[in-house]
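# Observations on the model geometry
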Amino acid sequence: MKFTSTKKTIVVREYQLDIGSVQVFDNYMVATFDEGATVTLERAYQIIGISEIHFRDWEFGYISLRKNSYAVDPTIYNYLRGLENLKAFAIVSKKEIDMHNFKIEKLFYKKPMEFFIEFENALAWVKKRIKPKKIKDS
């Protein structure tokens, strides 16, 4: 028996960056970067800024959807580690090279980070690690 959720997944906001796009959802974000792009510290600050706009007061997850091949400066993980409310970091790819790169990236990040072949599995893992948003008293 298959259960489906009646709750639709809604994109809160989509950002077009010079290296790709970032979609923001209720408690996670999904980044898809362009073929041949390089994710530098400067570009990582753009993504960190987006997370601060949308997730300043609650936990969130990040999913890197690696449809294309691109480079990541591993030193950015030193800065991402400092985001206390970033509770889950998932990488989704079917490419063997991305699995190899993931093992190296994980050495720099040192927080919950997993590699997935299927997006749905990554999303389920991320959601399990995030506490639901609490409604603020007004």
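These numbers were taken from a predicted model, which means no experiment stands behind them.

Let's shift gears to the overall build of the protein. Assigned secondary structure in the protein consists of four helices and eight strands. Secondary structure elements of the protein, listed N to C terminal, follow the sequence β-β-β-β-α-β-β-α-β-α-β-α. Buried residues in the protein amount to 41% of all 138 residues. When contacts within the protein are restricted to residue pairs at least 6 apart in sequence, those whose partners lie at least 24 apart make up 68%. Carbon and sulfur atoms make up 55% of the accessible area of the protein, which amounts to about 8,700 Å² in all.

A separate point is the nonpolar core. With 29 residues, the main nonpolar core has Val22, Met29, Phe33, Tyr62, Leu80 and Phe89 as its most contacted residues. In this structure, Tyr28, Val30, Ala90 and Val92 belong to the second largest nonpolar core, which totals 14 residues.

Conventions we followed
Residues numbered from 1 in each chain as written. Predicted model: local features only at pLDDT ≥ 70, side-chain atom pairs only at ≥ 80, totals over all residues. Heavy atoms only, no water. Helix = DSSP H or I, 4+ residues; strand = E, 2+ residues; numbered from the N terminus. Buried < 20%, exposed > 50% of the residue type's maximum accessible area, 1.4 Å probe, protein only. Contact = heavy atoms within 4.5 Å. Areas by Shrake-Rupley, 256 points an atom, 1.4 Å probe, with all protein chains shown as cover. Core = buried A, V, L, I, M, F, W, Y, C linked by side-chain atoms within 4.5 Å.

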